[in-house]
Amino acid sequence: MHSKLLLTALALFSTAYAGDFSARRRHHVANRDGHDHHGHHDQWNGNNSGSSSSSSQATSQTASATSTTSATATSSSTASPTTTSTGEKGGLAWPNGDANDINAWVNGKLGWYYTWSPSPVSSVNGLEFYPQLWGQKQVSDWQQEKSKFSQYNVSHILGFNEPNESGQANLSPSDGASLWNQEIAEFKGQYTLISPACTSRTGDSGSGTDGIKWLQEFQSNGASFDAVAVHIYESDYNKVIEYLQKVYDTFQLPVYLTEYACQDYSGGSQCSESQVWEMMQQTTSWMDQQDWMHGYAWFGAMTEMQGVNQLNQLLSSDGTSPTSLGSYYLQSA
């Protein structure tokens, strides 16, 4: 049980962090190139088909999710994952601190959450917290919080946020490995260490590096992890599935999709409401069927989507309850 002083400090930190996240996400959208799998790296053109918060509260879809096993080839490997998941695969990417009621998300099928930081939400009960070291600028916070992980009942740790992108953690594989071994490797064997979450960028360009290549070089520089995290923004759910399969085939480790949404960053048109629903239904259904998929977290549970297609919004515009898409995610994840 935390003291009142600790709870107050965490609440203040979480609220401040929510504002900091908004600034970083705006910077991210303004600076990132496309993450498509065809080598296009055009800056997102801002053609957001869901510009209002109310439009994201779509009428609940009645069609059930269907299997997409034909969308991608089955892995030929027989290697078994080296870790086990915590139970529910569905997670909550939560940047709101204590500003909104996270407990509205507890009574569904979600099992864990993260805050893009090493600090949990002080008021949550029923969701397991995964602390994250976002990047170099968060080291001081990490060092203050890591001694409390046992109090938080931590079992998993998340690595850096998009280190292969210049607008995010922006670390070379060698610098990333040094930071990892300095701050995270000490927990090897105690917690499940989930790799830095690279984007699904393929090929190098002026503002980023191929995500899989970054992780391979990260390993070559002496970093070791138990599971792989990735971020994918696509308008075609088949591309999400194909890239996840590619990640697993490459590393033969459990996979966590810690940010994803129906979003085009390559200059094309944004997803329609029906495409957003199809993306969620098809991907969650498929991921739930893969033993090596241990977790996923849709973007985003927030009132302001920071430049991502508003139709992906899981949280109502007043921040008090899930949207219809959020309710589906809560009950189906």
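Only a predicted model underlies this, so the values are computations on that prediction, with no experimental measurement involved.

Draft legend 1. Spotlight on the overall build of the chain. Within the chain, the regular secondary structure consists of seven helices and nine strands. Each of the 333 residues in the chain was classed as buried or not, and the buried ones make up 58%. Partitioning the intrachain contacts of the chain with sequence separation of at least 6 by distance along the chain shows that 72% fall at a separation of at least 24. A total accessible area of about 12,400 Å² is found for the chain, and carbon and sulfur atoms account for 45% of it.

Draft legend 2. Just the packing of helix α3 (residues 173–183) against helix α4 (residues 211–220), in detail. Running from N to C, α3 and α4 cross one another at 55°; their axes reach a closest spacing of 8 Å. Judged by the angle between their axes, α3 and α4 are oblique. α4 is crossed by α3, and the crossing has right-handed handedness. Packed against α3, whose contacting residues are Pro 173, Gly 176, Ala 177 and Trp 180, the element α4 presents Trp 214, Glu 217 and Phe 218 at the interface.

Draft legend 3. Representation of the environment of Ser 123. Within the secondary structure, Ser 123 is located in the loop between β2 (112–114) and β3 (128–129). When the C-alpha positions of Ser 123 and Asp 101 are compared, they lie 8.3 Å apart, and in sequence the two are 22 residues distant. A distance of 3.4 Å separates the side chain of Ser 123 from the side chain of Asp 98, its partner in a polar contact.

Draft legend 4. Representation of the pairing of strand β8 (residues 255–262) within the structure. For β8, the tally of buried residues reaches eight of eight residues, placing the bulk of the element in the interior. Judged from the seven bridges that link them, strand β7 (residues 228–234) and β8 form a sheet pairing that is parallel. Each residue of the ladder has a partner; that of Tyr 233, found in β8, is Ala 261. Of the crossover connections in this fold, the one passing from β7 over helix α5 (residues 237–251) to the parallel β8 is right-handed.

Draft legend 5. Up close: the nonpolar core. The biggest cluster of nonpolar side chains holds 91 residues, and the ones touching the most others in it are Leu 244 and Leu 257. If near-sequence neighbours (up to four positions away) are discounted, Leu 257 is found in contact with Val 230, His 231, Ile 232, Val 240, Leu 244, Met 287, Met 293, Gly 295, Tyr 296 and Ala 297.

Draft legend 6. Seen up close, the pattern of salt bridges. In total, this model carries six salt bridges according to the counting rule given. We note a salt bridge from Asp 226 to Lys 188, for which the minimum N-O separation is 2.6 Å. Here Asp 226, found in the loop between α4 and β7, pairs with Lys 188, found in the loop between α3 and β5 (192–194); they are 38 residues apart in sequence, far enough to count as distant. Classification of Lys 188 by relative accessible area gives partly exposed; the value is 39%. Residues Asp 204 and Lys 213 are paired through a salt bridge, measuring 2.9 Å at the closest nitrogen-oxygen approach. A single network of salt bridges, built from pairs that share partners, joins Lys 146, Glu 183 and Glu 186.

Draft legend 7. Quick look at the packing of helix α6 (residues 273–289) against helix α7 (residues 324–332). Look at α6 against α7: their axes get within 11 Å of each other, and the N-to-C directions meet at 10°. Considering their axes alone, α6 and α7 lie roughly parallel with respect to each other. Each of Val 276, Trp 277, Met 280, Gln 281 and Asp 288 in α6 lies in contact with α7, whose residues at this interface are Ser 324, Leu 325, Tyr 328, Tyr 329 and Ser 332. Its residues placed into classes, the contact of α6 with α7 shows six nonpolar, three polar and one charged.

Draft legend 8. Region of interest: the state of the cysteines. Within this structure, the stated rule accounts for one disulfide. Between the sulfur of Cys 262 and that of Cys 271 lies a disulfide, 2.1 Å long from S to S. When the S-S torsion is -85°, as for the bridge of Cys 262 with Cys 271, the disulfide is left-handed. Given the relative accessible area of 0%, Cys 271 is considered buried.

Draft legend 9. Quick look at the packing of aromatic side chains. Applying the stated rule across the entire model yields 24 aromatic pairs. Taking 5.7 Å as the distance between ring centres and 75° as the angle between the ring planes, the aromatic pair formed by Trp 286 and Trp 292 counts as edge-to-face. Each member of the pair Trp 286 and Trp 292 is classed as buried. A network of ring pairs unites the aromatic residues Trp 112, Tyr 114, Trp 116, Tyr 130, Tyr 233, Tyr 256, Tyr 265 and Phe 299 as a single cluster.

Draft legend 10. Main features of α5. Compared with the 21 Å implied by 1.5 Å per residue over 15 residues, the 22 Å span of α5 between its first and last C-alpha is a close match. Within α5, burial applies to Tyr 237, Lys 239, Val 240, Ile 241, Tyr 243, Leu 244, Gln 245, Val 247, Tyr 248 and Phe 251. On its buried face, α5 sits against β6 (198–199), α4, β7, β8, α6 and β9 (293–298). Taking the backbone nitrogen of Asn 238 as reference, a side-chain oxygen 2.9 Å away marks Asp 236 as the first, capping residue of α5.

Here is what the cut-offs are and how they apply
- Residues numbered from 1 in each chain as written.
- Predicted model: local features only at pLDDT ≥ 70, side-chain atom pairs only at ≥ 80, totals over all residues.
- Heavy atoms only, no water.
- Helix = DSSP H or I, 4+ residues; strand = E, 2+ residues; numbered from the N terminus.
- Buried < 20%, exposed > 50% of the residue type's maximum accessible area, 1.4 Å probe, protein only.
- Contact = heavy atoms within 4.5 Å.
- Areas by Shrake-Rupley, 256 points an atom, 1.4 Å probe, with all protein chains shown as cover.
- Axes fitted to C-alpha atoms, helices over the stretch in contact; angles between N-to-C directions.
- Parallel < 35°, antiparallel > 145°, perpendicular 65-115°, else oblique.
- Left-handed = near helix turned anticlockwise from the far one by under 90°.
- Polar contact = N/O pair within 3.5 Å; in protein donor to acceptor, adjacent residues only side chain to side chain.
- Pairing = 2+ DSSP bridges.
- Right-handed = clockwise from strand over helix to strand, strands pointing away.
- Core = buried A, V, L, I, M, F, W, Y, C linked by side-chain atoms within 4.5 Å.
- Salt bridge = Lys/Arg side-chain N within 4 Å of Asp/Glu carboxyl O.
- Nonpolar A, V, L, I, M, F, W, Y, C, P; charged D, E, K, R; others polar.
- Disulfide = S-S within 2.5 Å.
- Phe/Tyr/Trp six-rings, centres within 6.5 Å; stacked < 30°, edge-to-face > 60°.
- Expected span 1.5 Å × (residues − 1).

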